[in-house]
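# A structural walkthrough
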Amino acid sequence: MSKMNMEDGLNLTLGLPGRDESDCFKNNKRSQPETNDESSGTTENKEADMETAPATKSQVVGWPPVRNYRRNIVQKESGMYVKVSMDGAPYLRKIDLKVYKGYPDLLKALENMFKLTIGVYSERDGYKGSDFAPAYEDKDGDLMLVGDVPWEMFIVSCKRMRIMKGSEAKGLGYNV
Amino acid sequence: MPESNDHFTPYPDHVLENVLENVLAFLHSRRDRNAVSLVCRSWYRAEAYTRSDVFIGNCYALSPRRVTDRFTRVRSVTIKGKPRFADFSLLPVNWGAHFTPWVSGMANAYRTLEKIHLKRMSVTDDDLAAVANSFPRFKELVLVCCDGFGTAGIAAVVSRCRGLRVLELIEDEVSDDYVDWISCFPADGPTNLESLMFDCVESPINFESLENLVARSPLLKKLGLNRFVTIGQLHRLMTRAPQLTHLGTGSFSPPEQPEQHEHHENDNNRVSDYVSAFASCKSVVCLSGFREIAPEYLPAIIPVCANLSSLNLSFANINAEQLKPVIRHCHKLRVFWALDSIGDEGLQAVAETCKDLRELRVFPIDATENGEGLVSEMGLLAISIGCRKLQSILYFCQQMTNAAVVAMSKNCPDLVVFRLCIIGRFSPDHVTGEPMDEGFGAIVKNCKKLTRLAVSGLLTDRAFSYIGQYGKLVRTLSVAFAGDSDIGLKYVLEGCTNLQKLEIRDSPFGDSGLWSGLPRFYNMRFVWMSSCRVTREGCLDVARQLPRLVVEVFRRDEEEGGEKSDFVNTLYMYRSLDGPRADAPRFVNIL
């Protein structure tokens, strides 16, 4: 006997009434069962039919049984704003570390923001070849080179950033 | 019995009644009291005279007059209204369950009423004003899943009920009348407040008044804040009320303004401030709220974790990594509510620490079919292995296996409540492809204390034969999109001898299944069947056979009309001592 999904299985189809849906115990989800063959004459179901004709599964009323106020859970993304200074620049900028996916993303944003080239990080040489070195002040107050620690560790330990320029920058890059 | 010459001795009957009344004053269980009242007339009278707490499971089962006529010295009234499926928009808005006739009925009869507890009732602001005006000794108002009132009504209660000890608004829909109700408490002196819970009130709160109120409420033990209270404000309240045992933490995040993020160092200091605030609230055993949690603040609760018996994180979109540092301290936890964002991994962490867990509820972040399944049979299995004392579980998931459910039935024999919601309708066991019959069958068979069951997934009539055969203690059964034929319903109605509440939707059960319950319906609180295959004619037959049963038939879209042979959209029936209700809206047909 075909299973009847009364409420929302009332899709308009071109198939004949009484057509069996394929057995789908092996399928993950049931396909929409055919509409009411026995009760095709009833007004009530006809009205419901029109109501739900284009219904997709997600439009079943009250299913799953989760109350409305539970359906709109807010994830409050608090930002991780840090100040960014650049040597010689008259004022500082502020960025939200949370919006970047990783170091390349961050460095590109800094390059755009300050109109400069930082280049590529290497463990041995820092940002060799560039006049600039991105540094940050960590929780202990130490000035560190951006890129040495994993990204996740960086974003929680970074208090503020500083883009160093010139000879000072090169000095940092040669630290072991 | 010889009469004394010295003093007046009352008649033997009176002596007996006096003795009985004194004894009955100690009897609180309503089942025991119901039994007592059936012994004989004088016991009925004595019991009625001494019953101070009245529980009405269905507001339409009898009239307010009948209650006030029988019980004359009532201190506390509990009334339940709408059927539970109203929570899921299956009941039209104006269906009923009005509190008004009750409050007017009780206003004259119960001058010493102290407590009102309502669930799923429609309560108006006028009703609340009537409560405030009618009961001079009023102390406790608890409203659960109610609607129809607003902040104006709350203001009326708090301003006039000077002895108010308990005001608990739980999962209500409260309209914002722009009334500053928190400022309406009597302005001077200490209050008697022991419990103030307004988590569900969706309107901003005057924090200054709230802080002032908390500061002069030395007896306050339970405080439930709404999401408009920031974590900084929470901190201040906690320092005012270190004696709290139950705390609903509000938003648990800082306010939106960007300047709050300017000083990262200050942020860190604040986190440690919050930690010390929790550390000084040594009595906290129940935590909830976290309505808009900024996850990095969650570790602030660690100081109270070791003492927590209840933790409700069901509004907190956190992952396993964010949960673990906190949950690993919660050795005494008995009740845990969470979102499936914690994943199977988070549940594993719960299972490893919370050996005393009695109740678990896992809600879905994404309540759509074919959504991302964050928890699965793995989480259920882990819980069943780690939390052997589990008594109650509500679990939403996208996939499940019979094996995991069977395992839980064996690992957790103390289960009283088993509610599994596989979100995709008609989902089979995702490994074997078979129906979920065997899993649920094992639950009813092995969990001998089971009283409440909710089923889901692909289920054949076989599942219902198991339920009927083994579910002898089941009082509440919830069925959706399940079964093959009338025989399924027959199994349940004939087999579940203790069935009180039956709610079924979208299942192929028809008239003959319904009729098999005729001998049972007078012993049940209600039967709900929506989008099934019962016809109007079938319902009429039931109504004719059982005159004391109120048989309501209606459509969710409130349309009227329909033929006798039509399938009924919604059938809701219940026993009543006072006949059909007078306040049924037009679209409700009472057969």
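Residues numbered from 1 in each chain as written. Chains lettered and ligands numbered in written order. Predicted model: local features only at pLDDT ≥ 70, side-chain atom pairs only at ≥ 80, totals over all residues. Heavy atoms only, no water.

## Section: the overall build of chain B
Regarding its fold elements, chain B presents 20 helices and 23 strands. Taking 2.2 N^0.38 as the reference for a compact globule, 591 residues should give roughly 25 Å; the C-alpha atoms of chain B span a radius of gyration of 26 Å, in line with that estimate. Expressed as lengths along the three principal axes of its C-alpha atoms, the size of chain B is roughly 80 × 75 × 55 Å. Relative to its 591 residues, chain B shows a buried fraction of 59%. Of the side-chain charges in chain B, 66 are positive and 71 negative, and the distance between the mean point of each set is 8 Å. (Helix = DSSP H or I, 4+ residues; strand = E, 2+ residues; numbered from the N terminus. Rg over C-alpha atoms; globule rule 2.2 N^0.38 Å. Buried < 20%, exposed > 50% of the residue type's maximum accessible area, 1.4 Å probe, protein only. Lys, Arg positive; Asp, Glu negative; His and termini not counted. Charge placed at Lys NZ, Arg CZ, Asp CG, Glu CD.)

## Quick word on the sheet that holds strand E4 (residues 143-145) of chain A
Residue and element names in this part refer to chain A. Pairing is mixed across the open sheet formed by 5 strands, whose spatial order is E2-E1-E5-E3-E4. Only two strands of the sheet have a single neighbouring strand rather than two, namely strand E2 (93-96) and E4. Strand-to-strand twist across the sheet, computed as the mean angle between neighbouring axes with direction ignored, equals 35°. Taken together, the 4 bridges between strand E1 (residues 81-86) and strand E5 (residues 160-165) define a ladder with parallel strand orientation. Paired with Ser 85 across the strands is Arg 162, a residue of E5. (Pairing = 2+ DSSP bridges. Axes fitted to C-alpha atoms, helices over the stretch in contact; angles between N-to-C directions.)

## Describing the packing of helix H16 (residues 437-446) of chain B against helix H17 (residues 461-470) of chain B
Between two packed helices, both the angle of their axes relative to each other and the distance between the axes serve to describe the pair. Residue and element names in this part refer to chain B. Contact geometry for H16 and H17: axes closest at 9 Å, N-to-C directions at 5°. On the basis of their axis angle, the class for H16 and H17 is roughly parallel. Contacts between H16 and H17 involve Asp 437, Glu 438, Gly 441, Val 444 and Lys 445 from the first element and Arg 462, Ala 463, Tyr 466, Ile 467 and Tyr 470 from the second. When the residues that make up the contact of H16 with H17 are grouped by side-chain class, the tally is 5 nonpolar, 1 polar and 4 charged. (Parallel < 35°, antiparallel > 145°, perpendicular 65-115°, else oblique. Contact = heavy atoms within 4.5 Å. Nonpolar A, V, L, I, M, F, W, Y, C, P; charged D, E, K, R; others polar.)

## Section: the nonpolar core
Grouped together as the largest cluster of nonpolar side chains are 176 residues, with contacts concentrated most on Leu 196 and Phe 336 of chain B. The element contributing the most residues to this core is strand E21 (residues 549-554) of chain B, with 5 residues. Phe 336 of chain B has contacts with Leu 311, Leu 313, Leu 323, Ile 327, Ile 342, Val 350, Leu 357, Glu 359, Leu 360 and Arg 361 of chain B, leaving out every residue within four places of it along the chain. Counting residues in hydrophobic clusters, the runner-up holds 27 residues, among them Tyr 103, Leu 107, Ile 118 and Leu 145 of chain A. (Core = buried A, V, L, I, M, F, W, Y, C linked by side-chain atoms within 4.5 Å.)

## Some words on the packing of aromatic side chains
According to the stated counting rule, one finds 27 aromatic pairs over all chains in the structure shown. When the centroid spacing of 6.4 Å and the interplanar angle of 25° are considered together, the rings of Tyr 60 of chain B and Tyr 574 of chain B count as stacked. A residue pair is termed long-range when its members are at least 10 positions apart, and Tyr 60 of chain B in the loop between strand E1 (53-56) and helix H4 (64-70) and Tyr 574 of chain B in strand E22 (residues 570-575) qualify at 514 residues. Tyr 574 of chain B carries the same exposure label as Tyr 60 of chain B, and that label is buried. Of the aromatic side chains, those joined through ring pairs into one cluster are Tyr 60, Phe 85, Phe 88, Trp 95, Phe 526, Trp 528, Phe 554, Tyr 572, Tyr 574 and Phe 587 of chain B. Here the guanidinium or amino end of Arg 70 of chain A rests over the ring plane of Phe 315 of chain B, the centre of that ring lying 4.8 Å away. (Phe/Tyr/Trp six-rings, centres within 6.5 Å; stacked < 30°, edge-to-face > 60°. Lys NZ or Arg CZ within 6 Å of the ring centre and 35° of its normal.)

## Notes on the pairing of strand E13 (residues 335-339) of chain B
All names here are of chain B. Here E13 lies mainly inside the structure; 4 of its 5 residues are buried. Relative to E13, strand E12 (residues 310-313) runs parallel, the two sharing 4 bridges. Within E13, the position partnered with Leu 313 by the bridge is Ala 338. Taking the sense of rotation as the criterion, the β-α-β connection linking E12, helix H12 (residues 320-327) and E13 turns out right-handed. Taken together, E13, helix H13 (residues 343-353) and strand E14 (residues 359-363) constitute a β-α-β crossover, and its handedness is right-handed. (Right-handed = clockwise from strand over helix to strand, strands pointing away.)

It is worth stressing that arrangement in space is one thing and function is another; only the former is reported here.
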